[in-house]
Amino acid sequence: MADTEERQRLLDEDGDIPSSRPINESGPGRPMSALCDPSRLLHRLVVLAFMCFLGFGSYFCYDNPAALQTQVIQDMNLNTSMFMQLYAWYSWPNVVLCFLGGFLLDRVFGIRLGTIIFALFVCIGQVIFAAGALLDRFWLMEVGRFVFGIGGESLAVAQNTYAVNWFKGKELNLVFGLQLSMARLGSTVNMNIMGWVYNRVAVLVGSVGHTTLGVSLMIAGATCIFSLICALVLGYLDKRAERILHKEHRGTGEVIKLTDVKDFPFPLWLIFIICVGYYVAIFPFIGLGQVFFIEKFNFSPAEARAINSIVYIISAPASPVLGFMVDKIGRNVIWVICAVFATLMAHMMLAFTFWNPWIAMSLLGVSYSLLACALWPMVAFVVPEHQLGTAYGFMQSIQNLGLALIAMAAGSILDQRGYLFLEVFFSACVCIALIAVVMLYFVDYLRGGDLNLSASARAKLHLKNSDSDSHITAIPSCSHWHTEVY
Amino acid sequence: MMAAKMFTIHFYVTFLLFTIRVSSSFIDYGENYRRNVSLELNPGLNSSLTPPPLGVGLIHVRALGQNDTLHYLFCSLGAPALLLVHTNSTSSKVEVDWPVFLSANASGSLRVTPESTVLHRNALIFTRLWEYSDVNDTAEPELLPFSSFFQPYELQNFTWGDLRKKLDPTAHTALLCGGDSSESFSNGSLCLKFSAFGSVGREKGWPSLLHNANSSQVRVWLDGVTPRSNRSRFSLELQSVGSTNPLTRVNVLQSIDDEYTPSIFKVAQWVSSPGNSSSPILSYAQWKPVAYRKASPVFEDATPCHHSTPVAIAQRPPSGLVLAYFGEGRQTTGLNITFSIAGDPFYNTTNYLSWTVLVGLGSPPVDSFSPLVLAIMAVGLGTPLLIILIGVVCVCVRKNRTQVQVYQPIN
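Residue indices follow the written sequence of each chain, beginning from 1 at its first position. By the order in which they are written, chains take letters starting at A while ligands take numbers starting at 1. Totals for whole chains, interfaces and linings use all residues, but because this is a predicted model, local features are given only for residues with pLDDT of at least 70 and pairs of side-chain atoms are given and counted only at 80 or more. Hydrogen atoms and water are omitted, and side-chain values are computed over all heavy atoms in the structure.

### Topic: a nonpolar patch on the surface
Thinking step 1. A surface patch of nonpolar side chains, amounting to about 350 Å² of accessible area, comprises L35, L41, L42 and L45 of chain A.
Thinking step 2. Strands here mean DSSP runs of E at least two residues long; helices mean DSSP runs of H or I at least four residues long; both are numbered from the N terminus. Residue position: L45 of chain A is located in helix α2 (residues 41-62). For patches, a residue must show more than 30% relative accessible area and have no salt bridge; joins then use 9 Å for like charges and 5 Å for nonpolar side chains, namely Val, Leu, Ile, Met, Phe, Trp and Tyr. What sets the accessible areas is the Shrake-Rupley method with a 1.4 Å probe; for residues, cover comes only from the shown protein chains. Each reported salt bridge corresponds to a side-chain nitrogen of Lys or Arg within 4 Å of a carboxyl oxygen of Asp or Glu.

Shown next as structure tokens:
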């Protein structure tokens, strides 16, 4: 569930798809209330609510295994590396789908049908996942996570496409912000509520075991059904708006050409390395975090779940603030160096000290948000705009590949060598990201690139070039939407 | 329940500190100190004259240092016991008066001579195995009513297997398995594996305690015993005997290093020291608070364990070895190790429990980071620094060159 939002947002900010002005015809002669009129703000807010909840289910269920780590492992008789397969199987389909998701939405299914199909995948995936637990068949749970993965990441693309369709040129930045916060909210609620759900089910069923786990996961699946309903309602509202407003549809704006990969400049490859090295030290860690805090820091399960969700909680409010800051100051490479270094410190604190882990986890949360704001926009500085879709698709694809591989590796490292070694391993991954970003700094410096320009210098450059080619310097930044909103 | 706990916290933030720590640990714990270890069964016994009763055996391990000797005596007469005697002579001997040793009043029948060379002596006795029905799943036997406890298994009443067949003189190990006549032990047994070591190392299987030339190890396991209830958990009673300083205080240290015992960040040390907590440790029993629920455990088979506060005990420990060596002038303390915590599976899920304790002289060994961890951190932190250095040099060189180019056109 890594960073589809960021990527999509960047694409959409630049998306240069011709839009037709909605023709404001309030139906054939009869006035509609503001609530029902697609051209009015109130109606769009209703749509926005459905849009936000569209992704809620998949974000909620993505981290179900992390929230129920001990229970899953105990009830299904797993070891940690088998447990981490659940995350790996989520990532595998997205190695390919990151290229295909936008294409499928634009050309094959269309946004409405596509969204419903992806939401269905999410639902069916979660149901298979829960059924696997009910029937005590672990392979079925893995199949469930695979199906869930097919839907999950693409659903995020669909969500963003809907947002562009309805809010482009209006409140788009706010909408992206809300969707991002909603995603984090889904993850946080999941982390903190699933343990309680499990305990209640255990009381009802009368004992713990795979049945209890299955029922709990089925209950979690209700959020996916809810998201599916949102997809259906959105489809209906969108169709209705199209009829009333004679609205034309914009696609995701993605043009993927795999042959572009060979033309990627060296700094882009460094950015890819940073992305993989960094994110593999975040998501698999959160997947394994709960038991780590229980075992090493003697936290209660509830406390452990709370601290494990702090990264998500912090990132909801910190992203806009940090985005605003990066946007105003520029110098993205320096920010990325700071974020990677802070993350390294956080992991080393967790590895080598008994300091209160809230310190390290808060640092991790802030640096994670900072990295997202500074790293993802850099791609647009180094590739021409027509390759942007391919670059982002590729970046996400190898990110998912990295996540799948590292999730498996992390599980077996923990099984064999314990938490200290696991944390050292994650630190080593961050070190690779650090090496790449330091290299990026010098390469950019020596090449005279504009990755690390301050915001004012960048604005001057923009002015100078705007006559010749506005596309290349139409610099996207993840925080464009923040500056208007917050 | 609350033992006096001492927490030491290690922080190592920089690689510099890593190296300092490792090099100091080499010195402190005598990594290179070696002892010449030899093992014999029933020392001085002429079995044709005095055949020992079935299941009684005395193992003597002599660990010869440069100018001292450690004697380990492991015995199955009565409750299994491990006696540690440290002498400042390289020629000290163990003398056993076998007819008396095997008689009812064995007091004084085992001696380490010359007695004036004895510096320190201590014994650890495995006396009782408690079984209780953990109806509320709390794993806190202290809080349970007396009715939850079953009749404890008295290890002095166990019939032990023949030590002669389970002896490995080259690896310096001995295996003692036994059980009582009750139905619970019809298919199962309680086993103790004693190992003595001549140098620093670790056993392969978890908990892989670090041992050195001054330590020996006993692994206790309970295999295939039929529990007397569906919610049975077990506790093991240990006693310590010394002429002046038995093991009195349990220190629980925190350790950030769980590389050899995954997910266990504590180590418990039951120590004998003459005075307060700052005085040197004479001898110790050290364990990680973990038991394993399978013979070849994986990560998830670990189950935590905890110990009760040591208390002084007035009765004579039920061990023939202790009586024979210490006679009446002795002090005894005891504690219980309780396996599992609330919520963990009961014994009947795997019918297996194993727990390991290290018994030795002087300060207990302390874990340090493995070379692999240090190497990874050194490379991981060193490479970015190196690149920064190279980068700065490149930038400087380039600046100089461009400056030269700027001035050239003047000519």
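### Regarding the interface of chain A and chain B
Thinking step 1. Every contact between the two is made by 34 residues of chain A and, on the other side, 38 residues of chain B.
Thinking step 2. By buried area we mean the combined loss of accessible area, with a 1.4 Å probe, across both parts when two parts are placed together. Contact between chain A and chain B buries roughly 3,100 Å² in total, counting both sides, with carbon and sulfur atoms accounting for 73%.
Thinking step 3. Counting the surface chain A buries against chain B, the share from its top three residues, F352, F354 and L446 of chain A, is 22%.
Thinking step 4. Here chain A is connected to chain B by one salt bridge.
Thinking step 5. Here a polar contact means two N or O atoms within 3.5 Å. Within protein one must be a hydrogen donor candidate and the other an acceptor candidate, and residues neighboring in sequence count only if both atoms are side-chain atoms. At the junction of chain A with chain B, the criterion picks out five residue pairs in polar contact (both at pLDDT 80 or more).
Thinking step 6. Those elements that place two or more of their residues in the side of chain A that touches chain B are α4 (69-75), α11 (283-297), α14 (332-352) and α17 (388-447) of chain A.
Thinking step 7. Broken down by element, the residue count for the side of chain A that touches chain B peaks at 19 residues, all from α17 of chain A. In what follows, residue pairs with any heavy atoms lying within 4.5 Å of each other are defined as contacts.

### With respect to the pairing of strand β19 (residues 283-287) of chain B
All names here are of chain B.
Thinking step 1. Summary of the burial criterion: residues with accessible area below 20% of their type's maximum are buried, those above 50% are exposed, and those between are partly exposed, where the area comes from a 1.4 Å probe applied to protein chains only. The buried fraction of β19 is high, at five of five residues.
Thinking step 2. Burial along β19 is two-sided: the residues S283, A285 and W287 and Y284 and Q286 are all buried.
Thinking step 3. Relative to β19, strand β18 (residues 266-272) runs antiparallel, the two being bridged by five bridges. The residue bridging Q269 from the neighbouring strand is Q286, located in β19.
Thinking step 4. The sheet contact formed by β19 and strand β24 (residues 352-361) spans four bridges and is antiparallel. By the bridge assignment, A285 is partnered in β24 with V359. When DSSP finds two or more bridges between a pair of strands, those strands are recorded as paired.

### Observations concerning unusual backbone geometry
Thinking step 1. At the junction of T113 of chain B and P114 of chain B, the peptide bond is cis and its omega measures out at -10° in the coordinates.
Thinking step 2. On the secondary structure map, P114 of chain B appears in the loop between β6 (110-113) and β7 (118-133).

### Topic: α17 of chain A
Residue and element names in this part refer to chain A.
Thinking step 1. For a helix, the expected span equals 1.5 Å multiplied by the number of residues minus one. For α17, spanning 60 residues, the distance from its first C-alpha to its last is only 21 Å, which falls clearly below the expected 88 Å at 1.5 Å a residue.
Thinking step 2. To get the bend at a given residue, fit one axis to the seven residues ending there, fit another to the seven starting there, and take the angle between those axes. Within α17, the axis deviates most sharply at R417, by approximately 130°.
Thinking step 3. Of all the 60 residues making up α17, 45 are buried; the element is thus mostly covered by neighbouring parts of the structure.
Thinking step 4. Where α17 ends, the next residue or the one after it, G448, has phi of about 70°, a positive value.

### Here we look at the packing of aromatic side chains
Thinking step 1. The aromatic pairing rule takes the rings of Phe, Tyr and Trp, using the six-membered ring of Trp, and pairs them if the centres are within 6.5 Å, calling planes under 30 degrees apart stacked, those over 60 edge-to-face and the rest tilted. By the definition in use, this model includes 52 aromatic pairs over all chains.
Thinking step 2. Note on W269 of chain A and F394 of chain A: the rings are 5.6 Å apart at their centroids and 85° apart in plane angle, and the pair reads as edge-to-face. Pair noted here: W269 of chain A is in helix α10 (residues 266-279) and F394 of chain A is in helix α17, with a separation of 125 residues, a long-range link.
Thinking step 3. On the basis of relative accessibility, which here comes to 15%, the residue F394 of chain A falls in the buried class.
Thinking step 4. Relative to F101 of chain B, the ring of W98 of chain B lies with its centre 5.2 Å away and its plane at 75°, an arrangement referred to as edge-to-face. Highlighted residues: W98 of chain B and F101 of chain B, both in helix α2 (residues 98-101), separated by three residues, approximately one helical turn. Residues W98 of chain B and F101 of chain B agree in their burial class; the two are buried.
Thinking step 5. Three or more aromatic residues joined by ring pairs form one cluster here, namely F285, F292, F293, F297, F299, F354, Y419, F425 and F426 of chain A together with F265 and F299 of chain B.
Thinking step 6. Geometrically, a charge over a ring is one whose NZ (Lys) or CZ (Arg) sits within 6 Å of the ring centre while staying within 35 degrees of the ring normal. Just above the ring of F129 of chain A sits the side chain of R145 of chain A; from NZ or CZ to the centre is 5.6 Å.

### Let's talk about the nonpolar core
Thinking step 1. Core analysis: the largest hydrophobic core is formed by 161 residues, its most contacted members being F293 and L375 of chain A.
Thinking step 2. For this core, the element with the most residues is α17 of chain A, which contributes 28 residues.
Thinking step 3. The term nonpolar core refers to a set of buried residues drawn from Ala, Val, Leu, Ile, Met, Phe, Trp, Tyr and Cys, joined through side-chain atoms within 4.5 Å. Grouped together as the second largest cluster of nonpolar side chains are 77 residues, C75, V94, W98 and Y153 of chain B included.

### Focus on the UniProt feature "transmembrane region" (unreviewed entry) in chain B
Thinking step 1. UniProt positions are given in the numbering used here, feature names are shortened, and annotations may be inferred rather than shown by experiment. When the UniProt feature table is mapped onto this chain numbering, "transmembrane region" (unreviewed entry) sits at residues 372-397 of chain B.
Thinking step 2. Spanning residues 372-397 of chain B, this segment combines 100% helix with 0% strand, and its end C-alpha atoms are found 37 Å apart.

### Considerations on the environment of V95 of chain A
All names here are of chain A.
Thinking step 1. The residue V95 is located in helix α5 (residues 80-109) in this model.
Thinking step 2. Judged by its relative accessible area of 18%, V95 is buried.
Thinking step 3. Put simply, V95 and L405 are 310 residues apart on the chain and 11 Å apart in space, counted from C-alpha to C-alpha.
Thinking step 4. Filtering out sequence-adjacent residues up to four positions away, V95 remains in contact with S397, N400 and L401.

### Brief notes about the domain arrangement of chain A
All names here are of chain A.
Thinking step 1. Per the domain assignment, the segments of chain A are domain 1 (31-254) and domain 2 (258-486).
Thinking step 2. All domain edges in this entry derive from an automatic or database-based domain assignment. Each of domain 1 and domain 2 was reduced to a C-alpha centroid, and the two centroids are 24 Å apart.
Thinking step 3. Taken together, the contact between domain 1 and domain 2 spans 34 residues of the former and 39 residues of the latter.
Thinking step 4. Each partner contributes to the roughly 3,200 Å² buried at the junction of domain 1 and domain 2, and carbon and sulfur atoms together form 63% of this total.
Thinking step 5. Counting across the interface, domain 1 meets domain 2 through zero salt bridges.
Thinking step 6. Along the contact surface separating domain 1 from domain 2 lie nine residue pairs in polar contact (both at pLDDT 80 or more).
Thinking step 7. Among the elements that make up the side of domain 1 that touches domain 2, the one with the highest residue count is α5 (13 residues).
Thinking step 8. Three classes are used, and their members are as follows: Ala, Val, Leu, Ile, Met, Phe, Trp, Tyr, Cys and Pro are nonpolar, Asp, Glu, Lys and Arg are charged, and the others, Gly among them, are polar. Taken together, the residues of the side of domain 1 that touches domain 2 break down into 15 nonpolar, 16 polar and three charged.

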